[in-house]
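Descriptive structure summary
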Amino acid sequence: MSGRPRMIGRLAVRRHDVALAAILAAALAAACGSSSEPATSPRFEVMERTIPELQDAMAAGRVTSRELVEQYLARIEAYDQRGPSLNAMISLNAAALEEADALDEERASRNVRGPLHGVPVVVKDNYDMVGLPTTAGSVALADWYPPDDAYQVARLKEAGAVIIGKTNMHELAYGIETISSLGGQTRNPYDPTRNPGGSSGGTGAAVAANFAVAGMGSDTCGSIRIPSFHHALVGLRGTRGLSSRDGIIPLALTQDIGGPLTRTVTDLALVLDATVGHDPADAVTELADGHIPPTYADFLETGALAGARIGTLEFQLGTTPLDQPVRQVIQAALDAMETAGATIVALEIPELPDLLQGASLERREFKTQFADYLRTPGTPVGSIEEILDAGLYHEALEARYRRSAAAPGLDDPEYLEIVARRDVVRRHVLEAMADQQIDAIAYPTIRRTARRIGEPQPGTNCVLASVAGLPAIVVPAGYAADGMPVGLELLGEAWAEGALIRLAYSYEQMTHHRRPPHTTPSLDAPRQTTEEWVATGADHVPPVDTAATARVRLAWNAATGELGYDARAYGVMDDDM
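To keep things clear, this report deals only with the structure shown in the data block. Since this is a predicted model, take the numbers as computed values, not measurements. (Residues numbered from 1 in each chain as written. Predicted model: local features only at pLDDT ≥ 70, side-chain atom pairs only at ≥ 80, totals over all residues. Heavy atoms only, no water.)

Considerations on the pattern of salt bridges
Side chains carrying opposite charge are able to pair once their charged atoms draw close together. Defined as follows: A carboxyl oxygen of Asp or Glu within 4 Å of a side-chain nitrogen of Lys or Arg is what we treat as a salt bridge. Only runs of H or I of at least four residues qualify as helices and only runs of E of at least two qualify as strands under DSSP, and these elements are numbered from the N terminus. Each residue's exposure class comes from its accessible area (1.4 Å probe, protein chains only) as a fraction of the maximum for that residue type: buried when under 20%, exposed when over 50%, partly exposed otherwise.
Considering all chains together, one arrives at 26 salt bridges under this definition. Residues Asp482 and Arg194 are paired through a salt bridge, measuring 2.9 Å at the closest nitrogen-oxygen approach. Of this pair, Asp482 sits in the loop between strand 13 (472-479) and strand 14 (485-491) while Arg194 sits in the loop between strand 6 (184-185) and helix 6 (201-208), placing them 288 residues apart in sequence. Assessed through its relative accessible area of 34%, Asp482 is described here as partly exposed. Salt-bridge contacts for Asp323 lead to Arg448; the nearest nitrogen and oxygen are separated by 2.7 Å.

As for the side chain of Ser199
Inclusion rule: Nitrogen and oxygen atoms within 3.5 Å of one another constitute a polar contact, given that in protein one can donate a hydrogen and the other can accept it, and given that sequence-neighbouring residues count only through two side-chain atoms. In what follows, a contact means two residues having at least one pair of non-hydrogen atoms within 4.5 Å.
With respect to the helices and strands, the residue Ser199 is situated in the loop between strand 6 and helix 6. A polar atom in the side chain of Ser199 sits 2.6 Å from the side chain of Lys124. Those residues within four positions of Ser199 in sequence are excluded, and the remaining contacts are Lys124, Met169, His170, Ala173, Gly175, Ile176, Thr178, Ser218 and Ser223.

Digging into the sheet that holds strand 4 (residues 162-167)
Using the following cut-off: Two strands are said to pair when DSSP picks up at least two bridges between them. For helices, the axis comes from a line fit to the C-alpha atoms of the stretch in contact; other axes are also lines fit to C-alpha atoms, and the angle between any two N-to-C directions lies between 0 and 180 degrees.
Spatial strand order, 2-4-3-7-9-8-13-14-12-10-11: eleven strands in an open sheet with mixed pairing. Of all strands in the sheet, those bounded by a partner on one side alone are strand 2 (89-92) and strand 11 (343-347). Mean inter-strand twist for the sheet, computed between neighbouring axes without regard to direction, equals 30 degrees. Note that strand 8 (residues 234-237) and strand 9 (residues 257-262) share two bridges and pair antiparallel. What sits directly across from Val234, in strand 9, is Thr262.

Points about helix 4 (residues 96-108)
Formally: Multiply 1.5 Å by the residue count of a helix minus one, and that product is the helix's expected span. The arc in question is traced by the directions running from the helix axis to the C-beta atoms.
The end-to-end C-alpha separation of helix 4 is 18 Å, in line with the 18 Å expected for 13 residues at 1.5 Å each. Those residues of helix 4 that fall on the buried side of the exposure criterion are Ala96, Ala100, Leu103, Asp104, Glu106 and Arg107. Viewed end-on, helix 4 has its buried residues packed into an arc of 155 degrees, placing them on one side of the element. Among the exposed residues of helix 4, those pointing more than 90 degrees away from its buried face are Glu98, Glu105 and Ala108. Looking at the residues trailing helix 4, positive phi occurs at Arg110, about 65 degrees.

The values are spatial; any link to function lies outside them.
Here's what the structure looks like:
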């Protein structure tokens, strides 16, 4: 008779040994049916809280800004370099608690600056911020401390937000997988074996994992929208000129724009209010004059889908077999819109695919415009060529940098032709929308869910909004068959941010697709739960020999999403196992 046969990871019972099977099943059922209740904690829970919820709690005295900062920092401590090791943060603001204390004192004096007062946020590490290095994920800029804040960072501070840290990003914003020579690889909290999108992948991962209530990213060709897609977030690329690019390290200024990533449309509207507007340091923001409403919160209305006309473009929906998992989610989103009263219209713009081919400007503008930024006194390097010569880059990006370094100047005829093509793209899109009375064009931001780390990420639809200079918002649309998030992108006419917010809010409130990733649960919930149960033949399956006993141990690891078990049987012959 065996003393201790055991099975780890799975159970297997041979032939007709129903008695032993029943004993093991009873032990498993007892273990699976048990639960560990989280310990009661007096702490205010920040998980999935919105900006209005944080404001209400601070106003009622249930939590202070300092306590919120402490909570988010505790989550970063638990999950950024430990647990799922998301590697979303690249630096933390040592003054964050002091700043929160000052804002708490202001509140006590009945001076509340607005909806962001005392609210912790994070910003992408290509935004200048006094007191923290601005590295853009590059070892070449590891010691670069800018002399002043980027315009949008200054606006956040004026609104009372507490910037608790800066997020990792795809090095110099030149890619969509978020890997950098300084920060390394950021992981997706929905599956840490996958990439978080990019280049604002650190912001996406941080906001999805509840490291802050909101975050700032930048979008040249999808760098806000792709991480929003991959993390069940809301993200907006505004109309060109909506917000200032001053103090954001450029990739291609013709397409660059900064903006928020949030967990709800409401939060996006509130952060947008604080960060958009005319900046004398960035002439392109003059285009926004007269187009910014008193508050984007006025557009948080349900029912906007009734009577709306939503266009689709077949080539953006995905036509290959590998595109179908995402397309199915998008089709379900379109069906839900139709049920809510929208009309779905198939648009035909035959010239558009060819016009968009090769129309993004990163390769051609980066060298010149990055060098212009590096003319700021005190920067440790002066050009992409200098970075290449010194070997100060992630090896995966060398070919991309060398192509940019070899690109002709901004007076090159081919470059000028591509810039002129932007107006043609814009005209075709707006004419098609006007002809069919389209309120927004709907499509997936990217036609594939997040790929495994180390694999390329194909399928982006980033180019249309970026080249046309038109606004586009991403809202959670559900989850593909592999369990990864899928986002629905809605593109509108110039300065239609309010209309897009109205449509996205209506869809969000109707569907409520967002759910937090399992790898970063509440700190008050047990992250590793173990249960052990014993069943005997006498207790469960008489008249089985009472010497037969099964012991089952279950271990649930919330950070990895793994359920392990160890099942052992006593008093059973080896041949019967």
